[in-house]
Amino acid sequence: MRIVCIGGGPAGLYFGLLMKKLHPSHDVAVIERNRPYDTFGWGVVFSDATMENMRVWDPKTAAEIESAFNHWDDIELYFKGRRQRTTGHGFVGIGRRKLLNILQARCEELGVELVFEREVESDLEFPDADLIVACDGVASKVRNRYADAFAPDMLTRPNRYIWLGTKKLYDAFTFDFRKTEHGWFQAHIYKFDETTSTFIVETTEAAYHAHGLGEFSQEQSIAFCEKLFAEVLDGASLMTNARHLRGSAWLNFNRLICGKWSHFNGRSHVVLMGDAAHTAHFAIGSGTKLAFEDAIELARQFEHFGHQTDAIPKVLEAYEEVRRVDVARIQNAARNAMEWFEVAGRRYADALEPEQFMYSMLTRSQRISHENLRLRDKTWLEGYERWFARRAGLAPPAEGRAPPPMLTPHVMRGVTVPNRIVVSPMAMYSARDGLINDFHLVHLGARALGGAGLVFGEMTCVSADARITPGCLGLWNEAQVEGWKRLVAFIHGNSPAKVGLQLGHAGRKGATKVAWEGIDQPLDHGAWPLISASALPYLPGGQTPRAMTRDDMEKVKSDFIRATRLAIETGVDLIELHCAHGYLLSSFLSPITNLRDDAHGGGHENRARFPLEVFRAMRAVWPDDKPMSVRLSCHDWADGGNTAEDAAIFAAMFKAAGADLIDCSSGQVTTDDHPVYGRMYQTPFSDKIRNEIGVATIAVGAISEADHANSIIAAGRADLCAIARPHLADPAWTLHEAARIGLTDVAWPKQYLSGKSQYETNLARAAAAPQPIAPSSSS
Ligand SMILES: Cc1cc2nc3c(=O)[nH]c(=O)nc-3n(C[C@H](O)[C@H](O)[C@H](O)COP(=O)(O)OP(=O)(O)OC[C@H]3O[C@@H](n4cnc5c(N)ncnc54)[C@H](O)[C@@H]3O)c2cc1C
Ligand SMILES: Cc1cc2nc3c(=O)[nH]c(=O)nc-3n(C[C@H](O)[C@H](O)[C@H](O)COP(=O)(O)O)c2cc1C
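Here the structure is a predicted model, which means the values were calculated and not measured.

Caption draft 1: Highlighting the sheet that holds strand 1 (residues 2-6). The strand order 8-2-1-9-17-16 describes an open sheet built from 6 strands, whose pairing is mixed. Of all the strands in the sheet, just strand 8 (113-115) and strand 16 (262-264) have a single pairing partner and so form its edges. When the angles between neighbouring strand axes are averaged without regard to direction, this sheet yields 20°.

Caption draft 2: Seen up close, the packing of aromatic side chains. Under the counting rule described, the total for this entry stands at 34 aromatic pairs. Pairing Tyr359 with Tyr384 gives two aromatic rings, centres 4.8 Å apart and planes at 25°, and the pair type is stacked. Highlighted residues: Tyr359 in helix 12 (residues 354-362) and Tyr384 in helix 14 (residues 378-391), separated in sequence by 25 residues. Tyr384 shares its class with Tyr359; the two are buried. A centroid spacing of 6.2 Å and a plane angle of 50° characterise the contact between Trp748 and Tyr759, whose relative ring orientation is tilted. With a gap of 11 residues between them, Trp748 in the loop between helix 25 (733-740) and helix 26 (753-768) and Tyr759 in helix 26 connect regions that are remote in the sequence. Given the relative accessible area of 26%, Tyr759 is considered partly exposed.

Caption draft 3: Geometry of the packing of helix 11 (residues 312-349) against helix 12. It is the contact of helix 11 with helix 12, at a shortest axis distance of 12 Å, that shows an interaxial angle of 160°. Taken together, the axes of helix 11 and helix 12 are roughly antiparallel relative to one another. The handedness of the crossing between helix 11 and helix 12 is right-handed. On helix 12, the residues that touch Trp340, Ala344, Tyr348 and Ala349 of helix 11 are Phe357, Ser360 and Met361. Of the residues that constitute the contact of helix 11 with helix 12, the class distribution is 6 nonpolar, 1 polar and no charged.

Caption draft 4: Representation of the site of ligand 2. Taken together, 16 residues sit near ligand 2, with Ser424, Pro425, Ala427, Ala702 and Arg725 positioned nearest. In the model, an oxygen atom of ligand 2 is placed 3.1 Å from a nitrogen or oxygen of the Met459 main chain. One of the side-chain N or O atoms of Arg631 is found 2.8 Å from an oxygen atom in ligand 2. A total of 600 Å² of accessible area belongs to ligand 2 in isolation, and the protein chains cover 83% of it. Of the residues contributing to the shell around ligand 2, the split by class is 9 nonpolar, 5 polar and 2 charged.

What counts, and where the lines are drawn
Residues numbered from 1 in each chain as written. Chains lettered and ligands numbered in written order. Predicted model: local features only at pLDDT ≥ 70, side-chain atom pairs only at ≥ 80, totals over all residues. Heavy atoms only, no water. Pairing = 2+ DSSP bridges. Helix = DSSP H or I, 4+ residues; strand = E, 2+ residues; numbered from the N terminus. Axes fitted to C-alpha atoms, helices over the stretch in contact; angles between N-to-C directions. Phe/Tyr/Trp six-rings, centres within 6.5 Å; stacked < 30°, edge-to-face > 60°. Buried < 20%, exposed > 50% of the residue type's maximum accessible area, 1.4 Å probe, protein only. Parallel < 35°, antiparallel > 145°, perpendicular 65-115°, else oblique. Left-handed = near helix turned anticlockwise from the far one by under 90°. Contact = heavy atoms within 4.5 Å. Nonpolar A, V, L, I, M, F, W, Y, C, P; charged D, E, K, R; others polar. Near = heavy atom within 4 Å. Polar contact = N/O pair within 3.5 Å; in protein donor to acceptor, adjacent residues only side chain to side chain. Areas by Shrake-Rupley, 256 points an atom, 1.4 Å probe, with all protein chains shown as cover.

Written out as structure tokens, the structure is:
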């Protein structure tokens, strides 16, 4: 087979040498525009896991790379006059030039033809090649030539960075955040050989322009960075090796995803590899790792399907299928980390204290969790847990383990919830005439006994015609208060939990069947007339609601006031106004469901006018010492709908009107939505609102383990975590999760204490038991 790799970066060189090693009769050439020792960039980092893989495929290259490695475990942060350090993070770094030289030497040894100083304009320059590997970097000419086939999606990110070096040697992966009159700058610094460290400086586009960095020469930019980072540089100077770049050398990162990775050009198969196929931001240092792993996977598929030309189509298909998944996973983590650095200045740096800023930075990719940090650096994490517990008003021991963040109390006005776990509101469709019955008492009572700090009842409707279904709870008469009183008395009398009551009006999503008879399906009999912001049915063919008149608004407002007064009688600790999921008040907030042309339609202020009017009226009667929350759909997941930016604007308005808490949900506003689900997928909304608007939040959605909740609370991405479906599976979710992370000093109901010790013993036995050995063959 004749193989041509266009581009002599890590991808091309490594793939070239692997193929020549596996099948010496292949004719393999690597074509590179630069000279052998000419390269941009300083050092690269990658993980132990990548090395493990490389050891299997070519031990010799792996050994040489390892002997040139700089290994370090610590991360150090300079921030607000403090230096903080943690250990156990395990990075390896190597100079890019050194790395390429090792790969080049190995290529020569194996007989790969290396051609330097040749600029390739097109793959058609190699008509006799069977396989052309386009590993010509992020600006790949080959990929751009077949843009229709490869469908590249390139997104230019807003931050600017400059890649510099210094002779000062750092013994930790060092981050330094500095504030100027125009905003925050951050340096990412790591040593990569015995004489040099990489020093990447990053800032926002706005700060870059405000400082005029776009007009600076490289020398001027260096002088600027040296002055700004003088403390961490400690007298050392910065240098550039990007002389090939014209202008100021401040770059934007380009995120690349390709729709297809291979193409037949009529004579040869062309395949993308490394940065030509995908990019991952340097915030998690994975570009070189991905390039190597691409090369390994393509070689592996040739081993699997055979090293003949007729196997190439199958090989390329399998390669793309396997790599796409892994690349997407890394790109996802890289995106989280990249976005963290993009917003760190405006969102976290001013708001968070140094300890929490450090925690937030360490968990920025959301792949490193609380328990993961404990494995890396137990001493540091325990110190952080004690710091967090003290801030939450506890008095932890001077040494050892404090309660983890999710089990610390949270104060809102005169109410202290004993821990951060919330039973999210969940409609049970089991009421008659809106009345609480034994089902609700047992259901919610069990969850309070199960350890949650705040137990929400389901959406409770402010009038009979405000209900979603005939089975929904209501609060419009004294009889309904009685059931709530009994429930509240039970929970307060038998657990430390607080009780929340969510008040809502179904709007255009009303008069439907209970969930198990057809969710959102209109009632066959007994439907009542519906109202909404605009006269749009929720389902095609469903009942069209009446667009609310001023009289309707007065009536609904007085229903909410009445329900709030009744809620005072119930003794609940907190009420939440439901402004999410497409129900009545949500229908005003979303531009998809609000087409009004009066004072209640149009911009944010108009769309929020009625929901705020209701909220203020409720706040005026709800006791001052009790908190109120507002649930928002923070993203409509639909074209033309609200996004997190809109949600933040509404959150600020509710905060100004006296909301203590924003409960950050999303979606369900229109049937035409496309939510992007995933672990903790709505938490970014909570993070944004909490830290940009400065209001306490509840994160909710696919938070299913203590580890998730602890990471979210500890990083300041939310104040409380609401858990919905896992609480349907396990009423004692909080107690069980606490036991799973090894906490034994958690209070169980005294009646259940003998179950506690047995549960903990069983968990300990299961953890100590040898793991079953997998069968060696699947046959
Ligand atoms: C600031 C910054 C920091 C980074 N830090 C890290 C890190 O810490 N860890 C990490 O793993 N990655 C890091 N990366 C990413 C890393 O540099 C790339 O992801 C990695 O080098 C990809 O390898 P590649 O072989 O696909 O592409 P490249 O390394 O870009 O190699 C492509 C090669 O093709 C050559 N070429 C291009 N066009 C032509 C042509 N027409 N004709 C001939 N030759 C051509 C180029 O000269 C180049 O040598 C960083 C990137 C940046 C920008
Ligand atoms: C059966 C069920 C009923 C729900 N009812 C309500 C409700 O009455 N009010 C509300 O705001 N959200 C309601 N939700 C949404 C949940 O409160 C929560 O936001 C959602 O399930 C995501 O959390 P999870 O991933 O932990 O389940 C309901 C969810 C479920 C599963």
